[in-house]
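# A structural walkthrough
So the chains spell out like this:
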Amino acid sequence: MRPAQDRQEATAHALLTALATMICLVLAEWFDLEYANLAVWTTYLVMAQYTFTSFQKGLERVVGRALGILAGLVLTTWFNDTPLLTLALIGALLTTFFYIYFAGWLAYTFLQAGLYLVVMFQFGHANPASAVSAAEGLFAAVVLGVVIADMVSWFSGAERDLDIQLGKVPLFPLRANWLNQSLMLAVTALLTLLGAHVLGLPPQAAAISVMVLTVTPHVQAMILKGELRLAGAFLATVWALGTFLVVGLVPHLALLAVLLFLGQFVAAYLTRTAGKYDYVGLQMGLVLPMLVVAPLVEFGSLSPAGQRVEGILLGMLTSVVVASVWPRFPIADEVAPVARGEQEA
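Residues numbered from 1 in each chain as written. Predicted model: local features only at pLDDT ≥ 70, side-chain atom pairs only at ≥ 80, totals over all residues. Heavy atoms only, no water.

### Notes on the side chain of Thr42
Residue placement: Thr42 occurs in helix α2 (residues 36-48). Judged by relative accessible area, which is 0%, Thr42 ranks as buried. Not counting chain neighbours up to four residues away, the residues in contact with Thr42 comprise Arg61, Val142, Gly145 and Val146. (Helix = DSSP H or I, 4+ residues; strand = E, 2+ residues; numbered from the N terminus. Buried < 20%, exposed > 50% of the residue type's maximum accessible area, 1.4 Å probe, protein only. Contact = heavy atoms within 4.5 Å.)

Pasting the structure below:
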């Protein structure tokens, strides 16, 4: 009896999540947001999986990304002419953010801060003159995505809890294991940025993959999580190809919204029902809007999927190499679970 009830609950949750992403798509197009796909996948990630409540996850996402964007903006505008100092400051900030993450104090906030510190650094480094406008566009998209998720959850009655869980474990005295993994993550992220620059690969996607992979408890879990990221990206690409074909024949926003709804429903259902492979569904729901929610001149391009796969592969390679030689980072632990898929970009 219980499995049937679980499937019903998963179906209802997936329908609500998909509906919210469809609403977000329509509003993002109406407001003509520059980063409309970011708004849509933000809605998806906030609702599809969370540790405490979707409200807390959304709030932490806004605060964390604001912190990361602000820090990245300061570094790219104030220290643009001192690259070595900038990299040192990024390393120090990443180590701090991820130490707080491992301590469990608003963990998702500081994971997001670390992610978007790197993202904003890449935007600012590539084009310093557009850094401020890019920061505004990124933040507007994140806020819209979170607001839509909260409004749909609230008005549907799916969630009414506004409590915030801050964390209970003391930050001090410093824990050697947390500090060790935080330093490893910061070093790996910087090496990945350097490697992506040398190879001409998209450093933003690669650095995010590094951070998401390196929060796992051991190397084997890191490899498995990378494989699940690739599987989710593959499913999203297959769905996107079908969407491109249908919308190419009948080019209407309403049809795109329906196909996005169906794809996000599948992704959210997998996230709720796939057990230890739930990260495949989470990744599918993240990548699909990257591909199909695009300006007209870019619609039909699989370039974002290719960039994400390149980033995942580079991130996996760098993470595994560094983790394998890093002191006191375990190769395997049969007891420790794979890090939850909720800890995503």
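### Some points on the environment of Ser301
Turning to its location among the elements, Ser301 is positioned in the loop between α11 (278-292) and α12 (303-325). For Ser301, a relative accessible area of 29% translates into the label partly exposed. Those residues within four positions of Ser301 in sequence are excluded, and the remaining contacts are Phe244 and Leu291.

### With respect to the packing of α2 against α11
Closest axis-to-axis distance for the α2/α11 pair is 8 Å, and the angle between their directions is 165°. On the basis of the axis angle, α2 is roughly antiparallel to α11. For the pair α2 and α11, the sense of crossing is right-handed. Residue-level inspection shows Asn37, Val40, Trp41, Tyr44, Leu45 and Ala48 of α2 in contact with α11, the latter providing Gly281, Leu282, Gly285, Leu286, Pro289 and Met290. Grouping the amino acids of the contact of α2 with α11 by side-chain chemistry returns nine nonpolar, three polar and no charged. (Axes fitted to C-alpha atoms, helices over the stretch in contact; angles between N-to-C directions. Parallel < 35°, antiparallel > 145°, perpendicular 65-115°, else oblique. Left-handed = near helix turned anticlockwise from the far one by under 90°. Nonpolar A, V, L, I, M, F, W, Y, C, P; charged D, E, K, R; others polar.)

### Here's the deal with α12
The end-to-end C-alpha separation of α12 is 33 Å, in line with the 33 Å expected for 23 residues at 1.5 Å each. Of all the residues in α12, the buried ones are Ala305, Arg308, Gly311, Ile312, Leu314, Gly315, Met316, Thr318, Ser319, Val322 and Ala323. (Expected span 1.5 Å × (residues − 1).)

### Some details on unusual backbone geometry
Of note, the amide linkage connecting Phe172 to Pro173 takes the cis form, showing an omega dihedral of 0°. Among the secondary structure elements, Pro173 is positioned in the loop between α6 (131-156) and α7 (176-199). If you check the backbone angles, Asp32 has positive phi at about 55° while not being a glycine. Residue position: Asp32 is located in the loop between α1 (2-30) and α2. Of note, Leu106 is a non-glycine position whose phi angle comes to about 45°, a positive value. In this fold, Leu106 is placed in the loop between α4 (83-103) and α5 (107-126). Judged by its relative accessible area of 24%, Leu106 is partly exposed.

### Let's talk about the environment of Gly195
Position of Gly195 among the secondary structure elements: in helix α7. Separated by 123 residues in sequence, Gly195 and Thr318 have C-alpha atoms that sit 8.7 Å apart.

### What about the confidence of the model for the protein?
On average, the protein scores 85 in pLDDT, and the residues at 70 or more come to 89%. The least confident element of the protein is helix α8 (residues 203-214), whose mean pLDDT is 62; the most confident is helix α10 (residues 253-273), at 96. Low pLDDT, under 50, characterises residues 334-342; the stretch is placed with 22 contacts to residues that sit more than four places away or in other chains. (pLDDT = per-residue confidence, 0-100.)

### Some words on the nonpolar core
Ranked by size, the top nonpolar core spans 83 residues in total, and within it Leu38, Leu94, Phe98, Met120, Leu138 and Val292 carry the most contacts. If one sorts the elements of this core by residue count, α5 sits on top with 12 residues. Not counting the four nearest positions on each side in its chain, Leu38 is found in contact with Arg65, Tyr116, Leu138, Ala141 and Val142. The next biggest cluster of nonpolar side chains, apart from the first, holds six residues, and it includes Met184, Val219, Met222 and Phe329. (Core = buried A, V, L, I, M, F, W, Y, C linked by side-chain atoms within 4.5 Å.)

### Observations regarding α10
Given 3.6 residues per turn, any residue in an α-helix points the same way as the ones three and four places further on. End to end, α10 covers 30 Å across 21 residues, agreeing with the expected 30 Å (1.5 Å per residue, within 8%). Along α10, the residues classified as buried are Leu256, Ala257, Leu259, Leu260, Phe261, Gly263, Gln264, Ala267, Ala268 and Thr271. A positive backbone phi angle near 60° is found at Gly275, which sits one or two residues after α10.

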